[in-house]
Structure formats: C-alpha cells, structure tokens
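One-letter residues, chain by chain:
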Amino acid sequence: MEKLLELASMSADQVEIYAIKQKSDSVTFENAKLKDIDSSIQSGLSLRIIKDGKTGFAYTKNLHDREGLIRNAVDSLKGGVEGQLDFPYTKDIAEVDSYDSAIESLMNEKLYEECSRICEYLTGKTKGQINVNSEITTDDIRIINNQGTDIANKSSHYSLTPFVLYPGSYASIYRMFRRKKFEAVPNDFLDYILHTYNSSEKEVSLKSGKVKTLFLPETMYVLMWRLRFASNGKNIYVKESPLIDKIGDTIFDERVTIFDDPLNDNFPGARSFDDEGIPCRRLDVVRNGVLRNFYYDLFYAKKMNTQPTGHGFKSAMWGGETVSLKPTPSLQHLFIEPGNKSIGEIINSIDKGIIIPEAMGAHSGNIPNGDFSVGLSPGLYVENGEITGHIKDAMVTGNIYDLFNTVLEIEDTVHPSSGGTFPAILFDNVSVGTKTS
Amino acid sequence: MFEKLKTILARIDADYADIRYEIKKETAIVFNGNELTSIGSNSTDGYVIRVLRNGGLSSIAYTKETDTENAIRTVVENALLISKNKKVPTRFAKTGSVKDTFIPQLNEDPRSISMEEKLELTRKYNSIPLHKDKIATTNIGYSELIREKYFVSSEGSEIREELITPRVGGTITAKDGNILQNVRVGIGGSSGFAILRNVEEQFEKKTSIAIQLLKAKPVKAGAYDVIINPDLAGVFTHEAFGHFSEADLIEDSPSMREKMKLGAKLGNEILNIKDDPTLPDQLGHYKYDDEGVEARPTQLMKGGVLTGRLHSRRTAAAFDEPISGHCVAEDYRFAPIIRMGTIFIEPGDSSIDDLFQKLDDGLYLLDAKGGETSGENFTFGTQYGYVVKNGKIVEMIRDVNISGNLYQTLKNIVAIGNDLELCRPGMGGCGKGHQSNIRSCHGAPHILIKNVVCGGA
C-alpha cells in the first residue's frame, strides 16, 4: 500500500487508498435440517486521487499491476469529475471495541451445533416450518492518504436468525441475534418467536380501512428508508428531498428521536472513522420530533459548504463489491430511542389493529416523498389486546411525515434489525387495503 | 488459464469439484443532474471452488491465488461437516462434459467504443429530461459489465464464456412544490452497444410521464380489476410465479413443494409460461450456466398446468426432474444459485381493444417499480397508471403498489393480449440471497387480471 501511495503521488495532488479484507462463514438450516455451509475470503483495494480539482477513481481485487491501477485512476480524471475536496489528516481517533479475537477460532462445527440446538428447541413447540441462518464475518479495513492519515479498524460480527414460517410461504416470524462474538441464543429470545407465531397461526380476514398498526423492529427499515433518503446530504444538494429548509422544524411526534451512533460498540459494526477517514460521532437526525441534521460525506459537505459528518461510506442500496463503490453519504448505525412500554403492554393496548413483522416492497413507491405501500408478509391481527390470527393479501399505505405524527407508543427495548437498531412503534389510523371492502 | 485451474482442481480430494475463475470488467459513467459524478473502467477477478464429497456440497469464494491452499482446506472441511450431518446425501444430476468457448456475436462490441463516445451518449440522454421545466434532477448513467468466465470441472468440462452487458438508464425526478415524482428510464441488453443508440424517444416519453405524475392523483386503497402492461406483467411473472419455479427456493419447504407439484392446475387455462435463456439477443441470454450445463428452454406452465421447473444439478437430482441449466452466479464472489433467464407469458389472442372492453371499469397500470415475493404472496410497485371507465382511460393515477396471492392471481388472469414484449432494462437487477442478477429478463403481453389489491392513499 505504501508503495502504491508513493507511486500514485507522482501523478496526483492528493491520494487515498482504502484496503479491505473480509472473511465469512455461513451455516443455514431449512425445515430444521442442515442445508448449506459456505465460506468466502475476499480482499481488494480502491485508489482515489485528486488532481487540479478533479477526482480519479480505480479499484481492484488483486493488485497484479500497480501501474495499471494508477493508470485507470488517472484515465478517469479525464472525464472531469469534480473533486474540490481535501482528504483529511486523521489521527488519535476514538477507540471502539468492535472486534473479539475469539471469533477467529470459531469453527463452522460450532455454528452447526448452535443452529441444530435451536431447531431442536423449536421443533415440537410449533407447527410452523423452522429455518435458521447463521454467519460469522470479520472485516479488516485500512485507509491511508498522502496527508499522513493511516488508520485501521477490525471488526467481528456474529449473527443468527431463527425463522418460523407460515405454511405455503416464506412469510415468517423472525428476529436477528447479533453479537461481536459467539454467544448462545437465550431461550426467551426463541420463546418470543414461538409465542408470536403460535398465537397468530389462524388465518383471519380484515376489511380495508384505517387501523392501529404496530411496526416491529424488523419492518422499521421500511419507514427509515424514506427518512434516510430525505436527510441524505446528496439528496439535499440535488433538491430531491422534502426536508430542505426544514432543519429546526418539528416534523415528527415529540417522543421520536432518531440518531446515528457509530461509536456505540455494544452492537457489532461500531466505527471510529468513516470510509474516507473522517472521525465518526453521534449525529441526531430527529431529536424530540425536531429535524436536527442532515448527514454528509466529504464531497457533498463541500458542495453544501458545511462540515462532513463522518458518514462517507462505500455502501450501495443493493450491496455490491465494496472496493468498486465510491464513498457516499450513508447512515450505517441508525438507532431510534426506546420509549417506555414493553411490547406486551403495547399489544395489550390495541383494541383492534395489526402488527407488521415482515413487509414486501419497501423499495417500491415514491421514496423521496416519504410514501410507502408495502405488502404484509404476513400481518398479525390484534383484537382486544391479543394476537388472534394472521391476515394475508393485505397492504399498508402511508407517508412517514403523517405516520410519525400519529405515534401511540414506542417500545422500551431496541433490537438490532436490518437497517438499524430499533424499538417497535405503534401508530394510529394507518390505511390497510385488503380484498374485503 | 484452463491448465492453471486444472492444477488447482487436481489438488482437491473429492467425489466432484469445479472451479470458476472470472475477470469482471466494469465501465461506469454517472450523472447526477448536470454533474458528472463518476467515470472509469476497472477490472477485478476471483475464484469460486465447489466440492461434493460423501454427499456434502460446499463452496468457497476467494480472491488471491495465494489463498488457494487455505480455500481448498476450508471447502473440503465444510463438505465433510455437511456430509456427516446431512441425512439425505446431495447428488448431482448427470450431464455430459463440455469443452467449448462461447463468445457472443455483438452488434458493436462496447470494448471498441471510446470512453468519450460513451460519455457523450450518456450526456445526450441525460440532457433530455434536464431541459424540461419541473424536472428537479436525474440520476442517469452508462454501465458496461463484462464477465469473462473460465469453468473447469473434475468431470472434464472446460468452458470459456463471455457475458457482455451494456446499459444506459436511471431515474428522472420531477418536482412541484413539495411533491416529488420519479420514474425509471433506460435500455440495456446482451446484443451489443448498438441497442443503446437512437433511444431518445424513451427518455422523452419518461420525462413527460414524470411531469404528468406531479398532477396525478393517488388511488383509493382496495381491490380492482386491472390491465397491466407487458413490463409490469413480466415483473409479475418473474416475481410472483418465476421465483417459485426455482427449485432451490421450494426444495426444503414441504408445504410449497406440495402446492408446486408438476401437473398441478394452478392457472387459468389460457396461461402459458416459459423460461428460455437460449433466446438470442435477449438480456437473459447465455449458453452455459455456472455449473457448465447447457441452458435449455423450459416450459413452466401450459394451459394453466405446472409442467416444468428451473434446476441446478443438485435440485434436478433431488426432485428427479430434467436438468435445465439455470444455475447462475452474480460474479466471482458467489457460488451459483438457480436463476431465471428470460421468463415470459406466451402471447394470447386478445387485442388491446378487446382487453379494455372486457375490463370496462378498473385500472390500467404500467411499468414496474420493484417487486418482491414471499411465497404465495407478492407485492410490486407500478410507475404510473390510469383509471378506466367504460373501457376508456379517464385520468392518471400515481404511486400504486399491487399485492396479491400467487395462486388466486394465476386463476384471475382472464385475458391475455397478443402483443408480447420482452424487457430491456437499463438499470436494476433481481436480488436473491446476497446476489443480484442484472441479466434477468422477463416479458409478457398486456394481461387482464380480476380483483387485485392495490395500495393507494
């Protein structure tokens, strides 16, 4: 890397190299039986250069040819992509505890045994089909630039997700168990899944209309997707956000606080710097219902004449090869502050309503506007404070800027889920479409 | 390259093994509004090894040649761990060994077109919406993806194939006050760069739709009879039906296998569905899959009856059904999984006018905006639509997502148009597991479906 930095510096005013090594192992069970065990060992690097105010970018998986990589970056300068930015000199970064070395010696046999134990525990306690996915990954990232920055982060990640599936479908009740190292999944975690599935086993129907709706942590990403879009510095710059000029305005119910906290190392994936080497810090997007901040990478911060917030990450909506992605504003460690009611108390407070444990079509619809319209996969029906069954073929529709002003309750616990760590939230008057009108 | 791969395979102690080495060359040009935000060409590479030993099948993807020993040791250990703990051993359906090189014939090889020309073409298309009032921004780019694949198996197959996919497209965003509307636009294919030329009309049409949508009304949530256009019907076929024709998705779900038994009458008798990766020039075209099996057309439904399924070698043996050549990986980071090639509803005999007369009152919905399925239920977004009264279009509607039950919907397809169109998308791909397949092609004629749940406002 140092040699590459030295060579590239001869062709550019500024140089940044991002290198990553990743290792992963996964074990999956379907229908309570072992299905697959697969592994991956990946590495690669990206080179970003700035010359005469223009940016060049190149990447590779195998550094077969240093000169070739530099040539690709220099060639891309010719396109004239604006590069009015300065790579940072970052040192003395906060320490985050993101890695547990015990994960290196964890064998796939151990993952197999844990999945097997969970299948045994669930089997016989439910009629639903049991699937379990488990995965361990380690990421090793290093960023160097010609300002003198040389920082690295190693992280370990263990996840296990049990699912209980409804017949004839992949609709399920599930929950992700995520840690920095291997830990046995506690029984009460599994009992939550069992209880939720078993009490909703019966298929029921619901008329189209407006009902109380509980988004579980597993489906909160549907709503957060819209907020991420609207508070992204890039979308502020291109004027594709309804939140432009609304900093300081009350946009949500005052009990709602949504923030990004990369330094929180209670959960896996904590980071003290972003993929451009900018130090990470907590950033409130919404505090007590008031819109507080947009999030920026180096490029869009410069464009908007503001400071980068440490949110330049090499991420894309649909995954993708990390080294091939340029940093873009991204909330990687999103949290919603918990409320004060247990999930049981919240469900008990619903006279008539639905719970959404899994949604389909989050990527559809008018995301910039904050609109969502998702299929329930399934929806759980609640009457007089009890889950009495599940509904199929139904959709819920709304707009997050209306929805977050109809908050009834927020769960007192947060759960690591896709797209962040969230509590369940109960909303009032959500539009549900079904075949029965 | 084959000799090097054969040397690696020779070091693996297994009943069967294969190795795929790929070089992936990507060219990307991206505009956000008037600004060019990305341009460049890059090359990456990597290996995937699969091992079948004592009935245990496992895979490993790795980047560096120096990791080969470690990769072999890990994948063999994993295969043995599976073999020890799996009750039913994995078998592979038999297929002949193949020695072949397939380089597609292109109408203009994108590699022979200069970066300057690609940039100018993209800039030209991007400027079409930007010249119009009410267009807030665009995100339009050129993307060229070339997979050079080398596959060697312990059964003696040696296959080199190139998949070359140029695309141009993205999104156009219109804005009026606080209302934002975006539509997708673009074109792509496997037939060469020429397909991207002279498509200004598409960009003009989609720009106009984005602007019109600013004044369109949301639809009231509920159930409607709908006509869906070929793009949307193709997405329905792909999402709602196609995925459950992929044997690996239902393999370990006894309740879904029961419903998806060959011979089951699942659809209206007018419904015929096929997947055919051999159709030349289509986005879904390939000759060999990533198990080295020659792709073949598969009739999935005939007269509403389930007649076939998409298979890997493993699932073809497990289901005791014919092999189909549909096991495809995104790239060198992944082992192959079962994928559709070009899936489509075969044309029927109704003209568009017939369909509107039969619909009478309902909705006409056009173009897909993402779809997802969870087995018997599906949801997909539409880009725009119209309310239809007495067989006539009366007003535009926006933001309609539709949802339904696969089995009911297959029966509720009551009329099929005679105007089959296959997609040529300029962006996106089909996500399954962690992999995205950009060469997923689908199509259909216009179709009329009764009683579809639409989520509106």
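Residues numbered from 1 in each chain as written. Chains lettered and ligands numbered in written order. Predicted model: local features only at pLDDT ≥ 70, side-chain atom pairs only at ≥ 80, totals over all residues. Heavy atoms only, no water.

## Details of the overall build of chain A
Just so we agree on the cut-off: Put simply, DSSP marks the helices as runs of H or I at least four residues long and the strands as runs of E at least two long, and each gets a number from the N terminus on. All radius of gyration figures rest on C-alpha atoms, and the globule criterion is 2.2 Å times the number of residues raised to 0.38. Note on classification: 1.4 Å probe, protein chains only; a residue is buried when its accessible area is under 20% of the maximum for its type, exposed when over 50%, partly exposed between these limits. Two residues form a contact once any of their heavy atoms are found within 4.5 Å. For every accessible area listed, the method is Shrake-Rupley and the probe measures 1.4 Å; residues are considered covered only by the protein chains on display. We score Asp and Glu as negative and Lys and Arg as positive, and we do not count His or the chain ends. Each charge is placed at NZ for Lys, CZ for Arg, CG for Asp and CD for Glu.
Looking only at helices and strands, chain A has nine helices and 24 strands in total. Since a compact globule built from 437 residues should have a radius of gyration of about 22 Å, the 23 Å found for chain A is in line with a globular shape. Oriented by its inertia axes, the alpha-carbon framework of chain A measures out at about 70 × 55 × 35 Å. Split into buried and exposed, the 437 residues of chain A put 63% on the buried side. Of the contacts made within chain A by residues no fewer than 6 positions apart, 71% connect residues no fewer than 24 positions apart. Here chain A displays about 16,000 Å² of accessible surface, and carbon together with sulfur accounts for 46% of that area. Here chain A carries 47 positive and 60 negative side-chain charges, and the mean point of each set is 3 Å from the other.

## Describing the overall build of chain B
On a plain count of helices and strands, chain B comes out with ten helices and 25 strands. For chain B, the C-alpha radius of gyration of 23 Å lies close to 23 Å, the compact-globule estimate for 457 residues. Based on the C-alpha atoms only, the size of chain B along its principal axes is roughly 70 × 55 × 35 Å. Of all 457 residues assigned to chain B, the portion counted as buried reaches 65%. Within chain B, counting contacts between residues at least 6 apart in sequence, those at least 24 apart form 75% of the total. Approximately 16,100 Å² of chain B is accessible, and the part contributed by carbon and sulfur atoms is 48%.

## Re helix 5 (residues 220–231) of chain A
Convention followed: For a helix, the expected span equals 1.5 Å multiplied by the residue count minus one.
Between its terminal C-alpha atoms helix 5 of chain A stretches 16 Å, which fits the 16 Å expected from twelve residues at 1.5 Å a residue. Those residues of helix 5 of chain A that sit buried are A:M220, A:Y221, A:V222, A:L223, A:M224, A:W225, A:R226, A:L227, A:R228, A:F229, A:A230 and A:S231.

## Side note on the sheet that holds strand 11 (residues 298–302) of chain B
Residues and elements named next belong to chain B. The line we're drawing: What makes two strands pair is DSSP finding at least two bridges between them.
Pairing is mixed across the open sheet formed by six strands, whose spatial order is 12-11-10-15-24-21. Two strands in the sheet have a free side with no partner beyond their single neighbour: strand 12 (305–306) and strand 21 (421–422). As paired strands, strand 15 (residues 342–345) and strand 24 (residues 441–444) are joined by three bridges and run parallel to one another. Across the sheet, T342 pairs through a bridge with C441, a residue of strand 24.

## Details of the confidence of the model for chain B
Put simply, the rule is: The predictor reports its confidence for every residue as pLDDT, a score running from 0 up to 100.
Mean pLDDT over chain B works out to 93, with 100% of the residues at or above the 70 mark. ipTM for the predicted complex: 0.91, alongside a pTM of 0.93.

## Some points on the nonpolar core
Grouped burial of nonpolar side chains is what soluble globular proteins tend to show. Worth spelling out the cut-off: To form a nonpolar core, buried Ala, Val, Leu, Ile, Met, Phe, Trp, Tyr and Cys residues must be joined to one another through side-chain atoms within 4.5 Å.
Ranked by size, the top nonpolar core spans 60 residues in total, and within it A:L223, A:M224, A:F252, A:V396 and A:F404 carry the most contacts. Looking at this core, the element that brings in the most residues is helix 5 of chain A, giving nine residues. Not counting the four nearest positions on each side in its chain, A:V396 is found in contact with A:F215, A:I354, A:I356, A:F372, A:S373, A:V374, A:L376, A:V430, A:S431 and A:V432. Ranked by size, the runner-up nonpolar core spans 51 residues in total, among them B:L232, B:I273, B:L406 and B:C454.

## Regarding the packing of aromatic side chains
The condition is simple: Between 30 and 60 degrees the pair is tilted, below 30 it is stacked and above 60 it is edge-to-face, where a pair is any two Phe, Tyr or Trp rings, Trp via its six-membered ring, whose centres lie within 6.5 Å. A ring is considered to have a charge above it if a Lys NZ or an Arg CZ atom is located within 6 Å of its centre and within 35 degrees of its normal.
Counting across every chain of the model gives 29 aromatic pairs over all chains. Relative to B:Y364, the ring of B:F356 has its centre 5.1 Å away and its plane inclined at 80 degrees; by these criteria the two rings are edge-to-face. Residue classification places B:F356 among the buried positions, given a relative accessible area of 9%. Assessed through its relative accessible area of 10%, B:Y364 is described here as buried. Ring pairs connect the aromatic residues A:F215, A:F252, A:F372, A:Y401, A:F404 and A:F427, which therefore count as one cluster. Here B:R257 stacks its cationic end above the ring of B:F319, 3.8 Å away from the centre of that ring. Over the aromatic face of B:Y16 sits the side chain of B:R313, whose NZ or CZ is 5.4 Å from the ring centroid.

## Section: the pattern of salt bridges
Selection rule: Put simply, a salt bridge is a Lys or Arg side-chain nitrogen that is within 4 Å of an Asp or Glu carboxyl oxygen.
Summed over all chains, the structure comprises 65 salt bridges over all chains. Here B:D100 and B:K287 are joined by a salt bridge, their closest N and O atoms 3.0 Å apart. Of this pair, B:D100 sits in strand 4 (residues 99–102) while B:K287 sits in the loop between strand 10 (273–275) and strand 11, and the two are 187 residues apart along the sequence. Overall, the relative accessible area of 21% leaves B:D100 in the partly exposed class. Under the relative-accessibility criterion, B:K287 is labelled partly exposed at 26%. In this structure, B:R197 and B:E108 form a salt bridge, with 2.8 Å as the shortest nitrogen-oxygen distance. Taken together, the residues span a long stretch of sequence, with B:R197 in the loop between strand 7 (179–188) and helix 4 (200–213) and B:E108 in the loop between strand 4 and helix 3 (115–130) at a distance of 89 residues. The exposure class of B:R197 is partly exposed, given its relative accessible area of 25%. Take B:E108: its relative accessible area is 29%, and that puts it in the partly exposed class. Among the charged side chains, a salt-bridge network with shared partners connects A:E30, A:K35, A:D36, B:E251, B:D252 and B:R314.

## Here's the deal with the packing of helix 1 (residues 2–9) of chain A against helix 2 (residues 66–77) of chain A
Residue and element names in this part refer to chain A. The test is simple: Note on geometry: axes are lines fitted to C-alpha atoms, helical ones only across the stretch in contact, with angles between N-to-C directions running from 0 to 180 degrees. Roughly parallel refers to an angle under 35 degrees, roughly antiparallel to one over 145, roughly perpendicular to one between 65 and 115, and oblique to any angle outside these ranges. Left-handed is the label given to a crossing in which the near helix is rotated counterclockwise from the far helix by less than a right angle, and right-handed is the label when the rotation is clockwise. In this classification, Asp, Glu, Lys and Arg are treated as charged, Ala, Val, Leu, Ile, Met, Phe, Trp, Tyr, Cys and Pro as nonpolar, and every other residue, Gly included, as polar.
Interaxial distance between helix 1 and helix 2 falls to 10 Å at its minimum, and their mutual angle equals 45 degrees. Considered as vectors, helix 1 and helix 2 are oriented oblique to each other. Relative to helix 2, helix 1 is oriented so that their crossing is right-handed. Seen from helix 1, the contacting residues are K3, L4, L7 and A8; seen from helix 2, they are R66, E67, L69 and I70. In terms of residue class, the contact of helix 1 with helix 2 is built from five nonpolar, no polar and three charged.

## A look at the side chain of A:T161
Mapped onto the fold, A:T161 is located in strand 5 (residues 150–165). Residues in contact with A:T161, not counting those within four places in the same chain, are A:N131, A:V132, A:N133, A:Y174, A:R175 and A:M176.

## Brief notes about the interface of chain A and chain B
In plain terms, the rule: Accessible surface is computed with a 1.4 Å probe, and the buried area is the amount of it that two parts give up when combined, taken over both parts together. Under this definition, polar contacts are N or O atom pairs within 3.5 Å; protein pairs additionally need one hydrogen-donor-capable and one acceptor-capable atom, and for neighbouring residues in sequence, both atoms have to be side-chain atoms.
Between chain A and chain B, the residue contacts involve 76 residues of the former and 84 residues of the latter. Carbon and sulfur atoms make up 46% of the area that chain A and chain B hide from each other, which totals about 6,500 Å². Across the contact surface, chain A and chain B share eight salt bridges. Applying the counting rule to chain A against chain B returns 37 residue pairs in polar contact (both at pLDDT 80 or more). Looking at which element gives the most residues to the side of chain A that touches chain B, the answer is strand 2 (residues 33–51) of chain A, with ten residues. Here the residues of the side of chain A that touches chain B are counted per class, giving 24 nonpolar, 33 polar and 19 charged. As judged from the four bridges shared by strand 2 of chain A and strand 3 (residues 56–62) of chain B, these two strands associate in the parallel manner. Counterpart to A:I41 in the pairing with strand 3 of chain B is B:Y62.

## Quick notes on unusual backbone geometry
Residues and elements named next belong to chain A. In the segment running from S377 into P378, the intervening peptide bond is cis, with an omega of -5 degrees. Positionally, P378 belongs in the loop between strand 17 (371–376) and strand 18 (379–383). With phi around 50 degrees, N384 is a residue other than glycine that occupies positive phi space. In this fold, N384 is placed in the loop between strand 18 and strand 19 (386–391).

## Describing the pairing of strand 2 of chain A
In regular strands, side chains alternate between the two faces of the sheet. All names here are of chain A. Most of strand 2 sits out of view: 16 of its 19 residues are buried. Here strand 1 (residues 14–30) folds back onto strand 2, and the loop between the two strands holds two residues, one of which, N31, carries a positive phi near 50 degrees. Relative to strand 3 (residues 54–60), strand 2 runs antiparallel, the two sharing seven bridges. Of the residues in strand 3, the one forming a bridge with L45 is T60. Between the end of strand 2 and the start of strand 3, which pair antiparallel, lie two residues, with D52 showing a positive phi angle near 50 degrees.

## Topic: helix 5 (residues 230–241) of chain B
Compared with the 16 Å implied by 1.5 Å per residue over twelve residues, the 15 Å span of helix 5 of chain B between its first and last C-alpha is a close match. Among the residues making up helix 5 of chain B, those that are buried are B:P230, B:L232, B:A233, B:G234, B:V235, B:F236, B:T237, B:H238, B:E239, B:A240 and B:F241.

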